2 protein chains.
Amino acid sequence: MPELTFHGLDIGTVEPGDDLVGRIAETTAEGYPLEDGDVVVITTKVVSMAEERLVDADEVEVSEKAERVADVTGIDPREVEYIYRESDVIGAIPVGAIGEDVIMDHAVDPEAAEEAISALPSALVTDRNGRLCTNAGIDWSNAPEGQMTLLPADPDEGARRIREALEDRTGTDLAVVLADSEILGPGSMDLATGCSGIQAVDSNFGRTDLYGQPKIGGMDMIANELTAGSALLFGQADERIPVVVVRGLDYEDGEGIPNSGGLIRRGLRKTIQLTARLKAREWI
Amino acid sequence: MPELTFHGLDIGTVEPGDDLVGRIAETTAEGYPLEDGDVVVITTKVVSMAEERLVDADEVEVSEKAERVADVTGIDPREVEYIYRESDVIGAIPVGAIGEDVIMDHAVDPEAAEEAISALPSALVTDRNGRLCTNAGIDWSNAPEGQMTLLPADPDEGARRIREALEDRTGTDLAVVLADSEILGPGSMDLATGCSGIQAVDSNFGRTDLYGQPKIGGMDMIANELTAGSALLFGQADERIPVVVVRGLDYEDGEGIPNSGGLIRRGLRKTIQLTARLKAREWI
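Since the model is a prediction, treat every value here as computed from it, not as a measurement. (Residues numbered from 1 in each chain as written. Chains lettered and ligands numbered in written order. Predicted model: local features only at pLDDT ≥ 70, side-chain atom pairs only at ≥ 80, totals over all residues. Heavy atoms only, no water.)

## A few points about the overall build of chain A
Then step 1. Counting its regular elements, chain A contains nine helices and ten strands.
Then step 2. Here chain A, with 284 residues, has 59% of them falling under the buried criterion.
Then step 3. Intrachain contacts of chain A at a sequence separation of at least 6 include 69% that bridge at least 24 residues. (Helix = DSSP H or I, 4+ residues; strand = E, 2+ residues; numbered from the N terminus. Buried < 20%, exposed > 50% of the residue type's maximum accessible area, 1.4 Å probe, protein only. Contact = heavy atoms within 4.5 Å.)

## Some thoughts on empty space enclosed by the protein
Residues and elements named next belong to chain B.
Then step 1. Under the counting rule described, the total for this entry stands at one cavity of 30 Å³ or more.
Then step 2. Taken as a whole, the largest cavity holds about 40 Å³ of empty space.
Then step 3. Around the largest cavity, the lining residues are Thr44, Lys45, Ser48, Gly137, Asp139, Thr149, Leu150, Leu151 and Asp180.
Then step 4. For the lining of the largest cavity, the leading source of residues is helix H2 (residues 44-50), giving three residues.
Then step 5. Class assignment for the residues of the lining of the largest cavity results in two nonpolar, four polar and three charged. (1 Å grid on protein atoms, 1.4 Å probe; cavity = no way out; pocket = protein on both sides within 12 Å on 5 of 7 lines; lining within 4 Å. Points joined across faces, edges and corners; volume = space filled by probe spheres on them. Nonpolar A, V, L, I, M, F, W, Y, C, P; charged D, E, K, R; others polar.)

## Let's talk about the packing of helix H1 (residues 20-31) of chain A against helix H7 (residues 155-170) of chain A
All names here are of chain A.
Then step 1. Two numbers describe how H1 lies on H7: the axes approach to 10 Å, and their chain directions differ by 40°. By the angle between their directions, the pair H1 and H7 is classed as oblique. Considering only the axes of H1 and H7, their crossing is right-handed. Packed against H1, whose contacting residues are Leu20, Val21, Gly22, Ile24, Ala25 and Glu26, the element H7 presents Ile162, Ala165, Leu166 and Arg169 at the interface.
Then step 2. By residue class, the composition of the contact of H1 with H7 is seven nonpolar, one polar and two charged. (Axes fitted to C-alpha atoms, helices over the stretch in contact; angles between N-to-C directions. Parallel < 35°, antiparallel > 145°, perpendicular 65-115°, else oblique. Left-handed = near helix turned anticlockwise from the far one by under 90°.)

## Concerning the pattern of salt bridges
Residues and elements named next belong to chain A.
Then step 1. This structure, assessed with the given rule, holds 38 salt bridges over all chains.
Then step 2. The salt bridge partner of Arg161 is Glu157, with a shortest N-O separation of 3.9 Å. On the criterion of helical spacing, the pair formed by Arg161 and Glu157 is a turn pair, its members being four residues apart in helix H7.
Then step 3. Residue classification places Arg161 among the partly exposed positions, given a relative accessible area of 44%.
Then step 4. Glu157 sits in the partly exposed class, given a relative accessible area of 28%. (Salt bridge = Lys/Arg side-chain N within 4 Å of Asp/Glu carboxyl O.)

## Notes on the side chain of Asp180 of chain A
Residues and elements named next belong to chain A.
Then step 1. Looking at where Asp180 falls in the secondary structure, it is placed in strand S8 (residues 175-183).
Then step 2. One buried charged residue, Asp180, remains without a salt bridge, the closest side chain of opposite sign being Lys45 at 6.3 Å.
Then step 3. Setting aside residues up to four positions removed in sequence, Asp180 forms contacts with Thr44, Gly137, Leu151, Met189, Asp190, Leu191 and Thr193. (Lys, Arg positive; Asp, Glu negative; His and termini not counted.)

## Some details on the sheet that holds strand S6 (residues 131-134) of chain B
Then step 1. Spatially, S4-S5-S6 (chain B) is the arrangement adopted by the three strands of the open sheet, whose pairing is antiparallel. The sheet is open, and its two borders are formed by strand S4 (88-93) and S6 of chain B, each paired with just one other strand. The mean angle between the axes of side-by-side strands here comes to 25°, regardless of whether they run parallel or antiparallel.
Then step 2. Relative to the sheet, helix H9 (residues 261-283) of chain A contacts S4 and strand S5 (123-128) of chain B, its axis offset from that of S4 of chain B by approximately 135°. (Pairing = 2+ DSSP bridges.)

## Observations concerning the environment of Pro121 of chain B
Residue and element names in this part refer to chain B.
Then step 1. By the element assignment, Pro121 lies in the loop between helix H6 (110-119) and S5.
Then step 2. In this structure, the C-alpha to C-alpha distance between Pro121 and Leu34, residues 87 residues apart in sequence, is 42 Å.
Then step 3. The contact partners of Pro121, leaving out residues within four places of it in the chain, are Thr73, Gly74, Ile75, Ile93, Pro94, Val95, Gly96 and Ala97.

## Details of the pairing of strand S10 (residues 243-247) of chain A
Residues and elements named next belong to chain A.
Then step 1. Where burial is concerned, most of S10 is hidden: five out of the five residues are buried.
Then step 2. Burial of S10 is two-sided: the residues Val243, Val245 and Arg247 facing one way and the residues Val244 and Val246 facing the other way are all buried.
Then step 3. Bridge count between strand S1 (residues 3-9) and S10: five bridges; the pairing is antiparallel. In the strand pairing of S10, His7 is matched with Val245.
Then step 4. Here strand S2 (residues 39-43) runs beside S10; their pairing, made up of four bridges, is antiparallel. Note on S10: the bridge partner recorded for Val41 is Val244.

## Considering the sheet that holds strand S6 (residues 131-134) of chain A
Then step 1. Strand order in this open sheet of three strands is S4-S5-S6 (chain A), and the pairing throughout is antiparallel. Lying at the two open borders of the sheet, with one neighbouring strand each, are strand S4 (88-93) and S6 of chain A. When the angles between neighbouring strand axes are averaged without regard to direction, this sheet yields 25°.
Then step 2. As paired elements, S4 of chain A and strand S5 (residues 123-128) of chain A share five bridges and run antiparallel to each other. Bridging from a neighbouring strand, Ala92 of chain A pairs with Leu124 of chain A of S5 of chain A.
Then step 3. Its contacts with the sheet put helix H4 (residues 77-86) of chain A on S4 and S5 of chain A, and the angle it makes with S5 of chain A is roughly 25°.
Then step 4. Against the sheet, helix H9 (residues 261-283) of chain B contacts S4 and S5 of chain A, and its axis sits at roughly 135° relative to S4 of chain A.

## Quick look at the packing of aromatic side chains
Then step 1. In this structure the tally under the stated criterion is one aromatic pair over all chains.
Then step 2. Considering the side-chain rings of Phe6 of chain A and Phe6 of chain B, the 4.8 Å spacing of their centres and the 40° angle between planes classify their relative orientation as tilted. With Phe6 of chain A in strand S1 and Phe6 of chain B in strand S1 (residues 3-9), this residue pair bridges two chains.
Then step 3. Over the ring of Tyr82 of chain A we find Arg85 of chain A, and its NZ or CZ is 4.6 Å from the ring centre. (Phe/Tyr/Trp six-rings, centres within 6.5 Å; stacked < 30°, edge-to-face > 60°. Lys NZ or Arg CZ within 6 Å of the ring centre and 35° of its normal.)

## Quick notes on the nonpolar core
Then step 1. Ranked by size, the top nonpolar core spans 48 residues in total, and within it Leu226 of chain A together with Leu226 of chain B carry the most contacts.
Then step 2. For Leu226 of chain A, the contacting residues outside a window of four places in its chain are Phe6, Val39, Val41, Val177, Ile198, Val246 and Leu249 of chain A together with Leu232 of chain B.
Then step 3. One finds Ile24, Ala25, Tyr32 and Val47 of chain A within the second-largest nonpolar core, a separate group that totals 24 residues. (Core = buried A, V, L, I, M, F, W, Y, C linked by side-chain atoms within 4.5 Å.)

Listed below in structure tokens is the structure:
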């Protein structure tokens, strides 16, 4: 029977400029030696820390446009400034206004939750490197006080560098996927921001089903499935498990996550058009 | 170090009316005895088969409204009829028109892929039991020719019945999550349609991060993370692994997936309003 193992690695807290590859290599060598075919899933935040992608908030020069957008969204103007520098802004979700009831229901510490909501009343929907994400992947959490972390400059390239360096140090053939938690409807889930050594989306569209009929499907988002499964071990806050090794997966070689920015923009426009036609036909 | 095992079960093809619980109990007893705390993730399709949630397409009476919507969306009118009977229709995504290039790039068998695209030119976005899904979860794949499968009448209740029956037969404490593949941007991924014995969404909002700051997050969609990880073993088409046992997860007890239909509708409206204000402020 097919079986996968998701093994969490406690590599300790990663500080700006730390040697991430060295820490993963040492931790695995001691307790869980890497093997050919392993997929190493890493939270994007620790890659940003290792790459020193940190911004000192006090030193950000805020443009007038960023001030106006901060005013309407409630997001810190210094963060807004960097969101526009790092991405194309598509829209804004009023997270606090939509989810306050739900969020408070799920809060272990209501006071801390109120503070967290007031600190992030809305999120900008952004297209960064052809991938949809909120706030261009920038945030203040798990970073030293007064600092924001940016995504790695090129997450696919970052994944490739880590894969090659880990392969060199361990003498194994690996894949690397970077994970970042994203708002997805009424909660959050880890999705892939970059990958190397593995095909991000399965290429089996048009295969036949159990009854021999051609089937929609077979475009499984493998990289996202790996990050989502790994998130069961990452936790979200103070757990110190930023790396998960997935063993036993049969996968195809590949580089990078396909650019879907254009697809999503085109898709949104066409979806709104078809929905308008549909709603008209419901009531004719 | 924390570790999870995802173990796929080949329980053979499930035909309408088959004893699904018996098949899972026998297959695990032979090769992988269930243990306390195991999460049994099951593709919703085989639950529908066991519950005989099948419709003979030739016997469907199609309303005029369904004919009109079929005309504008290209979806089989008999399927449209059942989508409206089973759910509230929110909108329509022209899947074929948006994704044809991408889909053909990923096709192993271009002819079968063309046929599959022409069979599903668009998908309706629906709210069924307070959960967003496409086409109310109805489809023709992995079903006998000329038949459509509907989702279980109440997926949370279906999950609960399976959990209790499996617990009785095996003398263990379990959780059960039902999985169905959904279009998610430029590919598909398995999300949870129902669950029992496990809290679907983590309740750690407002916890502090590594640096002691309150953190947005801690609303991990645990049930979706389990189904996404399991999809790495399900495959999408003719693999006969409709059940995955996840072992090693530390989870909280709970019943059902929170109703997010109202949240999503309210969220969409408020998001469009805030986006309009944002776009105005960008250019003032």
